[in-house]
Amino acid sequence: MEESRFDCEEDLDYAEIVVVRHGETSWNAERKIQGHLDVELNDAGRQQAQRVAERLSKEPKISHVYSSDLKRAFETAQIIAAKCGKLEVLTDRDLRERHLGELQGLVYQEASKIRPEAYKAFSSNRTDVDIPGGGESLDKLYDRCTTALQRIGDKHKGERVVVVTHGGVIRSLHERARPSARKVEKILNTSVNVFRLFDGEKWTIQVWGDVSHLDQTGFLQSGFGGDRTSG
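Calculation notes
All chains use their own residue numbering, which begins from 1 and follows the written sequence. Given that this is a predicted model, residues contribute local features only at a pLDDT of at least 70 and side-chain atom pairs are listed and counted only at 80 or more, while totals for whole chains, interfaces and linings are drawn from all residues. Side-chain measures were taken over the full set of non-hydrogen atoms in the model, leaving aside hydrogen atoms and water. How sure the predictor is of each residue is captured by pLDDT, a score from 0 to 100. Any two residues whose heavy atoms approach within 4.5 Å are treated as being in contact. Starting at the N terminus, helices and strands are each numbered in turn, a helix being any DSSP run of H or I of at least four residues and a strand any DSSP run of E of at least two. UniProt positions are given in the numbering used here, feature names are shortened, and annotations may be inferred rather than shown by experiment. Per-residue accessibility, obtained with a 1.4 Å probe over protein chains only, is compared with the maximum for each type, and a residue is labelled buried under 20%, exposed over 50%, and partly exposed between these values. Any pair of nitrogen or oxygen atoms within 3.5 Å is treated as a polar contact; in protein, a donor-acceptor pairing is required on top of that, and neighbouring residues in sequence qualify only through side-chain atoms on both sides. Here a helix's expected span is defined as the number of its residues, less one, multiplied by 1.5 Å.

Draft legend 1. Broad picture of the confidence of the model for the protein. On average, the protein scores 92 in pLDDT, and the residues at 70 or more come to 88%. When the criterion is pLDDT under 50, residues 1–5 qualifies, and its contacts beyond four places in sequence or with other chains add up to eight contacts.

Draft legend 2. Focus on unusual backbone geometry. Non-glycine residue K86 carries a positive phi angle of around 55 degrees. Of note, K86 is situated in the loop between α4 (71–83) and β3 (89–91). With phi around 60 degrees, E201 is a residue other than glycine that occupies positive phi space. Looking at the secondary structure, you find E201 in the loop between β5 (192–198) and β6 (203–210).

Draft legend 3. Main features of the UniProt feature "binding site: substrate" (unreviewed entry) in the protein. Taking the UniProt record as the reference, the feature "binding site: substrate" (unreviewed entry) is found at R21, H22, G23, E24, T25, S26, W27, N28 and R72. Structurally, the position occupied by G23 is in the loop between β1 (14–21) and α2 (26–30). When residues no more than four places from it in sequence are discounted, the contact partners of G23 are N28, L41, G45, Q48, R72, T76, N189 and T190. You can call E24 buried: its relative accessible area is 8%. Reaching out from E24, the side chain makes a polar contact with the side chain of N42 at a distance of 2.9 Å.

Draft legend 4. Region of interest: helix α7 (residues 138–155). With 18 residues, α7 extends 26 Å from end C-alpha to end C-alpha; this agrees with the ideal 26 Å at 1.5 Å per step. Every buried residue of α7 is listed here: L141, R144, C145, T146, A148, L149, Q150, I152 and G153. In this fold, the buried residues of α7 make contact with β1, β2 (64–67), β4 (160–165), α8 (167–177), β5 and β6.

Below, the structure is given as structure tokens:
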């Protein structure tokens, strides 16, 4: 492998963080709301994880791999870590998906009928509304996951690290880096999103939503769970 500039330049004033959404699950395919429920990858998701791992293994060296502790993210991270130097996966609960309260486990199309109050809270344009059943507001998700990424960035200046997480988290990270930009829609499974975190808590995005490692049949076109449905 070609020597990474992250190996030979010690004075870089930023951490490069490759944020990857987990591979597909059966619940993504069935349009079921996951949130904090611990659903593992399906076969398509494992193939997606292998593809993104192969891609990242050919890019500049990865020093560490972080992951949400939920199975769908952790398994994706393990596949990447094995391919990128047999690294250990470091889990962080703050990288979990948004807790969606009473909506978790429901088929999205049925949620408004089965749990109307929870669905109303989920659909609200306000960012400070908690979802009944222990669910989080968008503000709580934002604070939790942006703090987690900043913590990782502060620890790994001059390094390139991978973070495997969830669609709702990645949308919040995008908002932190580009607060005046339009809200993002779909975050596809195993999409690659490259952030640089500089001194002074400045964030930039170098790569966004890249799934060039997948062919057109290799991912859910709907982006379910990586759109507003969170998963």
